[in-house]
Amino acid sequence: MPKKKAKNRPGEVKEATISRRSVLKIGAAAGAAGVLAPSMLTSKEALGFQTIAEPVRCVTPTNSPPHHPFVDDFTAPTPAVDQPLTPQPTEFPNLGAGEADRAPHPRWTQFTPAFFTYDISAQPGLHQFHSDFGQTYVWGFNGQYPGPTIFGKYGKSGIVRFRNNLPTTTTTFGRNEITIHLHNGHHGSESDGFAGDFFGTGFWKDNLYPNVYAGIDAFGGNTGGDGVGDPREKMGSFWYHDHRAEFTLPNNVLGLNGMYIVYDSTDPGNESSSAGSLQLPGLYGVTDFPLILVDHTFCPTANRRTELVNAAGGDKFIVNGKIQPKLTVRRRKYRFRILNTGPTQTYDLTLIKPDGSVGTMVVIATDANFLEHPIPVDAGANAGNSNSTTAPIVPGAVRVSVAERWDIIIDFGAFNAGDKLYLKENRTMFVGNPSPDPLPPGLNIGNVLLQFNVVNTELEFPPDTPPIPATLCTYPTLPPTDNNWEWQFVLKHGQFRVKRPDDKVGCTFDPDHSAHCILQGTCEEWLINNNIASAWTHPVHIHFEEFRTLKRFVNGVEVPVPPLLSGRKDVSRMEPGQGALIKMQFRDYSGRYLIHCHNMAHEDNFMMVRWDICPDQASLDSCIADQQVCELEMKAKESYREEVA
Amino acid sequence: MDRRELLTKTFEPHPASPGPSRYTNAVLRNQNNEAVKFYDDLIRGKQCVVNFMYAECHGSCPAVTQTLKTIYRQLKDRMCKDLFFYSITTKPEDDTPAALKHYAQARNVDLAGWYFLTGEPDDIETIRFRLFGMDHPAFDSDLTLHSSYLRIINDGRNSWGMAQAFASNRNILRRIAWQDPPKSYAERVVEARARQILIEEEVKKYGYRRDVMS
């Protein structure tokens, strides 16, 4: 962010220019991207970004360089800046102006003109992961790592223009083609970042995010919420990331992801006692932080850079783009929106108190959905709420697999100024230097993600919010089931596949054929299984709508649904031998969507299939006629195999 | 790419290609008993599809070979020009060049640009780990686990892809195309316009984009 200081002169930002949403803008004014006029973001101008030299090759080291813990500050990613789009967004793609091909935006007249418009460019950048390190070459949205946080509000539609300003030729391990998925938005398929719909450098694409509750057709407006749909379908902590088939892992390791937060009147992004507000800690970057987890290995190079290594797992914990940072907290409640961007590893997070015991984290939302009632997790009275159900069982832990979001509240009011608390993960990373502060007994510096330094609350700091309400929301009752289906996540012949009930071989990702066809407006129960001689954890993600977990299984035997997994979710973590019966609806939109394992190494290796929502019976029939293609092709090959044998 | 261009094409590796340090320059022999260096002669600057098999295999191998044969037919214009198939034996002790020649002829796949390769067992094991290794002992030591993967390499753009031989042929073709040499912006605009027409026809017909065309 080299331009940050030069452009951000005090008094330059006039109130008149920020009338639409001053809260969001205040954060934005501190950011660097805000100073770029949209006309400067044309692809021609963007070619200038390529002058950032690509990494020189380095031999993968045994371990990353050492670093000093708790040096850098933990901060929330810079907010994206709402700005007019030039040219104006259109229902059909504006091919003449460089938009990539796509289906026309559905419900165009209903949700335009868009209230929020963001112009975001995927481009190279330099990011410093730790002050002991040199700069690191990344691919970030607006060159930032992690990408800028995009804000939305229920009832106010948004259009995000994603530009591909990545280098036209690259020596990095990434692939310069992108398709951006908003995880897990309720919107049209053309804006869903379908893995096969990637576009190359020089193109851009508008994603229309209506920011509505699911149930547009059934509920319409005036249902007590903000805007259209069923307000009980409210979600909050979304994230957006590249979904390019076969290259999701490398492109996300390079940095193509960010947070997307949607507010409504129950969760308005402030702490005032406005009508309907739950008054949760909610000041972005002050008392409400994304907590984006990732692990990487780094490689120092001759030109004083410290480059990322393309690997499925690393030896440094990174939180919001910094290695083992520190955060000063006041004696009050804070909200953290935990997101694991992987690329592959699962975290068991515990809060370690100064005496070495496990502190309480109150889970309020799972995968962006409020729980009906908050669930405290610790190693004492609330140990039973911990969701690490298979080894290693970490008492008091919240287990977070790739792509899961867990919104937690930590109350630092019970601690004294000067106390230090730690966020701990079960795996041990390479640090190379001791902690500058004495650690609580039993805590190894290699397990620490983040240090909290408790200080007294200054007068000007926002006072603590009221106690967390005992009821956060009420879930809708799901309609009767129209269809049952099963997906098995299997390893066959050394290959990750998704099998349907009658498949002999299983399907792999095929962008051209649907593996399952669903009539729009229906409700299905899906059995998701990872129980066939599996030694792998598959965080199974389903695009489009949130599901409810009806049953959980271990090795085919039904077990109670753990309280933390009983809420609405969009990632169902399937550990070895586990299964889940989930139920979800398919409303308001038709099109191509995906179910896949969100371990990015697995999805890049084909553990992903396409399913379609069809708008009417004729379309459904034609889809069903096609959905056997992968099976038929495979059967033909199977029979050939038998014939020869 | 036009035909004339293909014939005069020189195979330049991408500047970031790891070259022999990843692929090795092991000397292998093809079904015509010609010695070839794995990187310099087979990979360098080229696009290729690599799989592992052995002649006496009656499991997946014949089906995979059959699949590649179909794919070969569809990509005939490019084969041996900028696209190559390499089927490497996992049983080099049994599969001499002559045995592989016999295998290829018996299945009508002794074709230009499709090499059946054998060599020193250690070299082949190394290549197999470098191309298909998942850094996971249980996978990597099991020979049978790699038999139905196709590794798609384009050294000219230093890109890797993969396909499962049991997926639909169209899916495999698409995955090979995903590793094709990069196209200019102008070419991609022309393609986008052509696709857009089909997308809109489909939306009219089915109510959503189905991608059943082409």
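Residues numbered from 1 in each chain as written. Chains lettered and ligands numbered in written order. Predicted model: local features only at pLDDT ≥ 70, side-chain atom pairs only at ≥ 80, totals over all residues.

Some remarks on the overall build of chain B
A count of helices and strands for chain B gives 9 helices and 7 strands. Sequence separation of at least 24 residues holds for 67% of the intrachain contacts in chain B that already meet a minimum separation of 6. (Helix = DSSP H or I, 4+ residues; strand = E, 2+ residues; numbered from the N terminus. Contact = placed C-beta atoms within 7 Å.)

As for the overall build of chain A
Secondary structure assignment for chain A yields 9 helices and 33 strands. Evaluated residue by residue, chain A yields a buried proportion of 57% over its 645 residues. Pairs at least 24 apart in sequence give 75% of the contacts found in chain A among residues at least 6 apart. (Buried ≥ 20, exposed ≤ 12 C-beta atoms within 10 Å, placed from the backbone.)

Focus: the interface of chain A and chain B
The partner chain B presents 41 residues to the 42 residues of chain A that form the contact. Those elements giving two or more residues to the side of chain A that touches chain B turn out to be β32 (591–597), α8 (617–627) and α9 (629–644) of chain A. Tallying contributions element by element places α9(A) first for the side of chain A that touches chain B, with 8 residues. Of the residues that constitute the side of chain A that touches chain B, the class distribution is 15 nonpolar, 14 polar and 13 charged. (Nonpolar A, V, L, I, M, F, W, Y, C, P; charged D, E, K, R; others polar.)

Some points on the sheet that holds strand β27 (residues 538–542) of chain A
Residues and elements named next belong to chain A. In space, the 5 strands of this open sheet follow the order β25-β33-β32-β27-β30, with mixed pairing throughout. Both outer strands of the open sheet, β25 (516–519) and β30 (571–574), are each paired with one neighbouring strand and no more. Taken pair by pair, the neighbouring strands of this sheet meet at an average axis angle of 25°, ignoring direction. Here 6 bridges tie β32 to strand β33 (residues 608–614), and the two strands are oriented antiparallel to one another. Its bridge partner lying in β33, H596 is registered against M608. (Pairing = 2+ DSSP bridges. Axes fitted to C-alpha atoms, helices over the stretch in contact; angles between N-to-C directions.)

Some thoughts on the pairing of strand β7 (residues 159–164) of chain B
Residues and elements named next belong to chain B. Most of β7 sits inside the fold, with 5 of its 6 residues counted as buried. Inspection of the sheet shows strand β6 (residues 149–154) paired to β7 by 6 bridges, in the antiparallel sense. Looking across to β7, one finds that L150 is bridged to A163. Connecting β6 to the antiparallel partner β7 that follows it, the hairpin turn spans 4 residues, and N158 within it adopts a positive phi of roughly 50°.

Focus on the domain arrangement of chain A
Domains assigned within chain A are domain 1 (4–55 + 80–262) and domain 2 (483–644). Of the residues that constitute the side of domain 1 of chain A that touches domain 2 of chain A, the class distribution is 9 nonpolar, 9 polar and 3 charged. (Domains from an automatic or database assignment.)

A short note on the sheet that holds strand β3 (residues 150–153) of chain A
Residues and elements named next belong to chain A. Overall, mixed pairing links the 4 strands, which are arranged β3-β8-β7-β5 in an open sheet. With partners counted over all chains shown, the strands left at the sheet margins are β3 and β5 (180–183), one partner each. Ignoring which end each strand starts from, the neighbouring axes of this sheet average 25° apart. Bridge count between β3 and strand β8 (residues 257–263): 4 bridges; the pairing is parallel. Directly across from G152, in β8, lies its bridge partner V262.

What to know about helix α5 (residues 97–106) of chain B
Residue and element names in this part refer to chain B. Of the residues making up α5, those classed as buried are L100, Y103 and A104. Angularly, the buried residues of α5 cover 95° about the axis, an arc narrow enough to put them on a single face. In α5, the exposed positions that point more than 90 degrees away from the buried face belong to A98, Q105 and A106. Each element contacted by the buried residues of α5 is listed here: β4 (83–89) and β5 (114–117). (Arc of directions from axis to C-beta.)

Quick notes on α8(A)
Within α8(A) the residues assigned to the buried category are S619(A), L620(A) and C623(A). For α8(A), the arc enclosing every buried residue in end-on projection is 100°, short of the 170-degree limit, so these residues lie on one face. Across from the buried face of α8(A), at angles greater than 90 degrees, the exposed residues are Q617(A), A618(A), D621(A) and A625(A). Next to the buried residues of α8(A) lie β25 and β33 of chain A together with α9 (185–206) of chain B.

Description of the confidence of the model for chain A
Per-chain confidence: chain A averages 89 in pLDDT, with 89% of residues scoring 70 or above. Between residues 1–50 of chain A, whose pLDDT stays under 50, and residues either more than four places distant or in other chains, the model counts 59 contacts. (pLDDT = per-residue confidence, 0-100.)

A few points about the pairing of strand β23 (residues 483–492) of chain A
A regular strand places its side chains so that they alternate between the two faces of the sheet. Residue and element names in this part refer to chain A. As paired elements, β23 and strand β26 (residues 523–529) share 6 bridges and run parallel to each other. Within the sheet, the bridge partner assigned to W485 lies in β26 and is W526. Here β23 runs beside strand β24 (residues 495–499); their pairing, made up of 5 bridges, is antiparallel. Residue pairing across strands places F489 opposite V498, the latter belonging to β24.

Topic: unusual backbone geometry
All names here are of chain A. Across the junction of T112 and P113, the peptide omega takes the value 0°, indicating a cis bond. For P113, the location among the structural elements is in the loop between α4 (108–111) and β1 (116–127). Look at R107: it is not a glycine, yet its phi comes out positive at around 55°. Within the secondary structure layout, R107 lies in the loop between α3 (43–46) and α4. In this structure R107 comes out as partly exposed when scored by C-beta crowding, with 18 C-beta atoms within 10 Å.

Topic: the nonpolar core
If you look at the biggest cluster of nonpolar residues, it comprises 198 residues, and the most contacted ones within it are V363(A), I364(A), I408(A) and C48(B). Sequence-distant contacts of C48(B), defined by excluding residues within four places in its chain, comprise L42(B), I43(B), L83(B), F84(B), F85(B), Y86(B) and I153(B). (Core = buried A, V, L, I, M, F, W, Y, C linked by C-beta atoms within 7 Å.)

Notes on the packing of helix α4 (residues 60–74) of chain B against helix α8 (residues 169–177) of chain B
Residue and element names in this part refer to chain B. At a minimum axis distance of 10 Å, the contact between α4 and α8 shows a crossing angle of 60°. Relative to α8, the element α4 is oriented oblique. Crossing hand, α4 versus α8: right-handed. On α8, the residues that touch T67, T70, I71 and Q74 of α4 are N169, I172 and L173. The residue inventory of the contact of α4 with α8, partitioned by class, reads 3 nonpolar, 4 polar and no charged. (Parallel < 35°, antiparallel > 145°, perpendicular 65-115°, else oblique. Left-handed = near helix turned anticlockwise from the far one by under 90°.)

What to know about the environment of R568(A)
Residue and element names in this part refer to chain A. Structurally, the position occupied by R568 is in the loop between β29 (557–559) and β30. On the basis of neighbour counts, which here come to 25 C-beta atoms within 10 Å, the residue R568 falls in the buried class. A C-alpha to C-alpha distance of 8.7 Å links R568 and A365, two positions 203 residues apart in sequence. Once residues lying within four places of it in the same chain are set aside, the contact partners of R568 are N369, Y475, E546 and R548.

Examining the environment of S189(A)
Counting through the fold element by element, S189(A) comes out in the loop between β5 and β6 (204–209). C-alpha of S189(A) to C-alpha of F544(A): the two residues are 355 residues apart in sequence and 8.6 Å apart in space.

Thoughts on the confidence of the model for chain B
All names here are of chain B. Per-residue confidence for chain B averages 88 on the pLDDT scale, and 89% of its residues sit at or above 70. Taken together, the stretch residues 1–7 has pLDDT below 50 and engages in 5 contacts with residues farther than four places along the chain or on a different chain. Scored as a whole, the predicted complex attains pTM 0.90, and scored at its interfaces, ipTM 0.87.

Examining the environment of T341(A)
Inspection of the secondary structure assignment puts T341(A) in the loop between β15 (333–340) and β16 (347–352). Remark: the alpha-carbon pair of T341(A) and I292(A), spanning 49 residues in sequence, is separated by 6.8 Å.

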